[in-house]
Amino acid sequence: MQLLLAEDEQKTAGYLTKGLREDGHAVDAVANGADALALALHQAFDAIILDVMLPGMDGWEVLRRLRAAGCATPVLFLTARDHVEDRVRGLDLGANDYLIKPFAFAELLARLRNLARLPKGMADGGILMAGGLEIDTLRHHAARAGHTLQLTAKEYALLLLLARNKGRVLSRTIIAEAIWGMFHEQQSNAVDALVRRLRAKLDTPFETALLRTIRGTGYVLEA
Ligand code: CA
């Protein structure tokens, strides 16, 4: 893969660059947001690894400007922040995935492989369509068949996660990690409860169910 790495911490940048090259990737490394934006807009990358906290223009602003300019390159956010609001904000702005620091290098490689498998046009300037469902990720707005869904931040985060992975079954572990940042056994119930709340708003008033339970496996949004 042709990768752009934007990370200002020299040690981390050096370590990541070395590891990614050893794994066979071509890496361009930059240490600030303005350079990341300029390079991403003028060169084709398979994926961008974007640190949130960058000097000058932060990762959020880089991502916002990239998407506003129509750049659909998959973006993997690196964040030290462990609040759902920050993750939701990143996903809202069109990030495809995120990793919370510190992370294992093997995890980064796995996420990059996932990003490479994403269908083209997933990050299409903010509008995500799935089975009569329309999610405007820039305006944080979701509607089904023209009816606005009144969702809480976590319900919205779950819907966005499912929509970005439509047709793919997501396990409770994957969902818990995406929404809360980590997985504990007791969160299995929290995931089920969150799914129930989302389903009540997403599917109950309509003829067909979009959110399906795959017994013993997880949940899927019908493509
Ligand atoms: Ca940083």
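So, how was this worked out
- Residues numbered from 1 in each chain as written.
- Predicted model: local features only at pLDDT ≥ 70, side-chain atom pairs only at ≥ 80, totals over all residues.
- Heavy atoms only, no water.
- Helix = DSSP H or I, 4+ residues; strand = E, 2+ residues; numbered from the N terminus.
- Salt bridge = Lys/Arg side-chain N within 4 Å of Asp/Glu carboxyl O.
- Buried < 20%, exposed > 50% of the residue type's maximum accessible area, 1.4 Å probe, protein only.
- Contact = heavy atoms within 4.5 Å.
- Arc of directions from axis to C-beta.
- Polar contact = N/O pair within 3.5 Å; in protein donor to acceptor, adjacent residues only side chain to side chain.

Enquirer: Help me out: how do you make sense of unusual backbone geometry in this one?
Expert: Trans is the common state for peptide bonds, and a negative phi is the common state for residues other than glycine. Of note, the bond from Lys-101 into Pro-102 is cis; its omega dihedral lies within 30 degrees of zero at -5 degrees. Mapped onto the elements, Pro-102 comes out in the loop between strand E5 (97-100) and helix H5 (105-117). Within the chain, Ala-145 stands out as a residue other than glycine whose phi angle is a positive 50 degrees. The topology assignment puts Ala-145 in the loop between strand E8 (141-144) and strand E9 (147-148).

Enquirer: Explanation requested: the pattern of salt bridges in the structure shown.
Expert: A side chain of one charge can pair with a side chain of the opposite charge when the charged atoms of the two come close. One pass over the structure, following the stated rule, counts 13 salt bridges. Two residues, Lys-101 and Glu-9, come together in a salt bridge whose shortest N-O distance is 2.9 Å. With Lys-101 in the loop between E5 and H5 and Glu-9 in the loop between strand E1 (2-6) and helix H1 (10-22), this residue pair connects regions lying 92 residues apart in the sequence. A relative accessible area of 40% means that Glu-9 is categorised as partly exposed. We note a salt bridge from Glu-155 to Lys-201, for which the minimum N-O separation is 2.7 Å. Here Lys-201 lies in helix H8 (residues 187-202) and Glu-155 lies in helix H6 (residues 153-164), a separation of 46 residues in the sequence. Residue classification places Glu-155 among the buried residues on the basis of a relative accessible area of 2%. Among the charged side chains, a network of salt bridges with common partners joins Glu-7, Glu-9, Asp-51 and Lys-101.

Enquirer: Before we go on, may I ask you to explain the side chain of Asp-192 in this structure?
Expert: Topologically, Asp-192 is positioned in helix H8. Ignoring any residue separated from it by four or fewer positions in sequence, one finds Asp-192 in contact with Arg-172 and Tyr-219.

Enquirer: Even after reading the chapter, I still don't get helix H2 (residues 33-42), so can you show me in this structure?
Expert: Two residues of an α-helix separated by three or four positions point the same way, owing to the 3.6 residues in each turn. Restricting attention to buried positions, one finds in H2 the residues Gly-33, Ala-36, Leu-37 and Ala-40. Axial view of H2: buried residues confined to an arc of 95 degrees, hence all on one face. On its buried face, H2 sits against E1, strand E2 (26-30), strand E3 (47-51) and helix H3 (59-68). Looking at where H2 begins, the residue whose side-chain oxygen comes 3.1 Å from the main-chain nitrogen of Ala-34 is Asn-32.

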